[in-house]
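The primary structure of each chain is shown beneath.
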Amino acid sequence: MQEQTDPPGEPNPGLVSTAIQAITQHIRSEGLAPGDPLPSEAAMTRQLNVSRTVVREAFRSLSAMRLIDMSAGRRATVAKLDTGAMSMVIEHGITTQQISVQQVYDVRRTIEMRTVALAALRRTDTEAAAIAQSARLMRENFRNPEAVMEHDIAFHEAIAAASHNPVFSLIVTAFSGVTRRTWVIGWRTRSSDEAQLKMIKGHEDIAGAILKGDPRLAAEHMAEHFDKSVKALIDAGIA
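What you see as residue numbers is a count from 1 along each chain, following the sequence as written. A pLDDT threshold of at least 70 governs which residues receive local features in this predicted model, and a stricter bar of 80 or more applies before side-chain atom pairs are shown or counted, although totals over entire chains, interfaces and linings include all residues. Neither water nor hydrogens contribute to the side-chain values; these are computed over all heavy atoms in the structure.

> Quick question: what am I supposed to make of the confidence of the model for the chain here?
pLDDT gives the predictor's per-residue confidence on a scale running from 0 to 100. Predicted confidence across the chain gives a mean pLDDT of 92, with 95% of residues reaching 70 or more. Counting from the N terminus, the helices are the DSSP runs of H or I reaching at least four residues and the strands are the DSSP runs of E reaching at least two. Here helix 4 (residues 84-95) is the element of the chain with the lowest mean pLDDT, 89, and helix 6 (residues 125-140) is the one with the highest, 98.

Have a look at this one:
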């Protein structure tokens with residue numbers, strides 16, 4: 001079958017959309033897993049009876065959505081779960097004022113109360129130690145706000161991982177970009193060493209409840225943590 005050709009310029013959006021659907025359907029129907037190769041551009045071109053330009057644009061779109069991995073000179077492969085696309089959507093929503101920081105934190109509060117409860121029930125000893133270490137490193141580095149922020153982000157991601165639900169890990173990690181945009185502002189509203197160390201103590205309390213295996217107490221501490229974080233952002237005028 002002769003492959004179609006597009007007129008000069010951009011490929012037909014409708015054909016590209018059809019090609020995207022066909023490629024994702026191929027992943028499902030063939031039961032492909034992360035790392036498995038996809039058909040070549042030439043093979044997809046013949047299968048779909050469209051131009052190679054259309055197939056190439058479909059592959060590029062799927063790569064931008066982090067659904068496939070592409071590298072020069074190699075066949076495209078199915079990608080592992082990646083938070084990049086979700087993170088960009090959330091940050092775009094805030095930048096364009098379609099959603100607010102407070103709305104993001106409201107969703108985070110709901111999700112992370114569940115993740116911390118599951119972590120208290122499901123965590124391994126190694127995971128509990130990693131969570132506690134992040135909290136400890138926050139205290140040890142509290143004179144260095146950037147270091148505290150990174151350990152804070154690692155703390156929440158470690159809790160999500162300890163929930164043993166990869167969807168929670170995906171969502172919580174996707175919030176990291178927003179956290180990096182707002183964290184320092186919230187930290188500065190806690191103008192004294194005492195206030196900053198009190199915030200860190202809240203993380204230590206969460207870690208302690210997880211270590212005890214107490215989901216109710218862990219969720220209570222997480223809710224209190226988010227309530228105080230939102231108040232700090234409101235005081236700074238950005239929530």
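> Can you help me understand helix 11 (residues 215-235) in this one?
Residue pairs three or four apart in sequence face the same way in an α-helix, which turns once every 3.6 residues. End to end, helix 11 covers 30 Å across 21 residues, agreeing with the expected 30 Å (1.5 Å per residue, within 8%). The buried label goes to any residue with under 20% of its type's maximum accessible area, the exposed label to any with over 50%, and the partly exposed label to all in between, with areas taken from a 1.4 Å probe on protein chains only. Along helix 11, the positions that sit buried rather than exposed are A218, A219, H221, M222, A223, H225, F226, S229, V230, A232 and L233. Contacts are residue-level and defined by heavy atoms, with any inter-residue pair within 4.5 Å sufficient. Elements that come into contact with the buried residues of helix 11 comprise helix 5 (101-122), helix 7 (145-162), helix 9 (176-189) and helix 10 (193-212). We define a polar contact as two N or O atoms separated by no more than 3.5 Å, with the added condition that, inside protein, one atom must be a possible hydrogen donor and the other a possible acceptor, whereas residues neighbouring each other in sequence contribute only through side-chain atom pairs. The backbone nitrogen of R216 has a side-chain oxygen 3.3 Å away, supplied by the residue at the start of helix 11, namely D214. Within two residues after helix 11, G237 carries a phi angle of roughly 80°, on the positive side. Multiply 1.5 Å by the residue count of a helix minus one, and that product is the helix's expected span.

> Looking at this structure, how should I read the pattern of salt bridges?
Once their charged atoms are close, side chains differing in charge can pair, the charge on each being opposite to the other. Basic side-chain nitrogens of Lys or Arg form a salt bridge, by our definition, when they fall within 4 Å of a carboxyl oxygen of Asp or Glu. Applying the stated criterion across every chain yields a total of 14 salt bridges. Between R109 and D227 there is a salt bridge, with the nearest N and O atoms lying 2.8 Å from each other. Taken as a pair, R109 in helix 5 and D227 in helix 11 lie far apart in primary sequence, 118 residues in all. Note on R109: relative accessible area 26%, which makes it partly exposed. Between R139 and E204 there is a salt bridge; the shortest N-O distance is 2.7 Å. In this pair, R139 sits in helix 6 while E204 sits in helix 10, placing the two residues 65 residues apart along the sequence. Judged by relative accessible area, which is 33%, R139 ranks as partly exposed.

> Before we go on, may I ask you to explain the packing of helix 4 against helix 8 (residues 166-174) in this structure?
Geometrically, a packed helix pair is captured by the angle between its two axes and the distance between the axes. Angular values range over 0 to 180 degrees, each being the angle between N-to-C directions of two axes fitted as lines to C-alpha atoms, with helices fitted over their stretch in contact. Axis separation between helix 4 and helix 8 bottoms out at 8 Å; the angle between their running directions is 45°. In this view, helix 4 runs oblique relative to helix 8, as classed from their interaxial angle. Two packed elements cross with a definite hand, and for helix 4 against helix 8 that hand is right-handed. On helix 8, the residues touching M86, S87 and I90 of helix 4 are L170, I171 and A174. Within the contact of helix 4 with helix 8, the residues separate by chemical class into five nonpolar, one polar and no charged. Angles below 35 degrees are treated as roughly parallel, those above 145 as roughly antiparallel, those between 65 and 115 as roughly perpendicular, and all remaining angles as oblique. Crossing handedness: left-handed means the near helix sits turned counterclockwise from the far one by under a right angle, and right-handed means the same turn made clockwise. Polar here means any residue other than Ala, Val, Leu, Ile, Met, Phe, Trp, Tyr, Cys and Pro, which are nonpolar, and Asp, Glu, Lys and Arg, which are charged; Gly is therefore polar.

> Which parts of the structure should I look at to understand the UniProt feature "domain: HTH gntR-type" (unreviewed entry) in the chain?
UniProt positions are given in the numbering used here, feature names are shortened, and annotations may be inferred rather than shown by experiment. Here, the residues flagged by UniProt with the feature "domain: HTH gntR-type" (unreviewed entry) are residues 13-81. Taken end to end, residues 13-81 comprises 55% helix and 6% strand; its first and last C-alpha atoms sit 26 Å apart.

> Just checking my understanding: could you explain the packing of aromatic side chains for this structure?
The geometry of an aromatic ring pair comes down to the distance between the two centres and the angle between the two planes. Two rings from Phe, Tyr or Trp (for Trp, the six-membered ring) form a pair when their centres are within 6.5 Å of each other. A pair whose planes differ by under 30 degrees is stacked, one over 60 is edge-to-face, and the rest are tilted. One pass over the full model with this rule turns up two aromatic pairs. Ring centres 5.0 Å apart and planes at 15° place the aromatic pair W183 and W187 in the stacked group. Placement of both W183 and W187 in helix 9 is noted, with a separation of four residues, approximately one turn of the helix. Residues W183 and W187 agree in their burial class; the two are buried. Lysine NZ or arginine CZ positioned within 6 Å of the ring centre and within 35 degrees of the ring normal marks a charge as sitting over the ring. Against the face of Y105 rests R108, its NZ or CZ located 5.5 Å from the ring centre.

> Help me understand the packing of helix 6 against helix 10 in this model?
For the pair helix 6 and helix 10, interaxial distance at closest approach is 9 Å and the crossing angle is 165°. Put simply, helix 6 runs roughly antiparallel to helix 10. As helix 6 packs across helix 10, the resulting crossing turns out to be left-handed. Taking contact as the criterion, the partners of A128, I131, A132, A135, M138 and R139 in helix 6 are, on helix 10, L197, M199, I200, K201, H203, E204, A207, I210 and L211.

> Looking at this structure, I do not really get unusual backbone geometry. What am I missing?
Peptide bonds are trans in most cases, and residues, glycine excluded, mostly fall at negative phi. Unlike most non-glycine residues, R66 shows phi in positive territory, near 65°. The phi dihedral of H164 is positive, around 60°, even though this residue is not glycine. Its place among the elements puts H164 in the loop between helix 7 and helix 8. Under the relative-accessibility criterion, H164 is labelled partly exposed at 42%.

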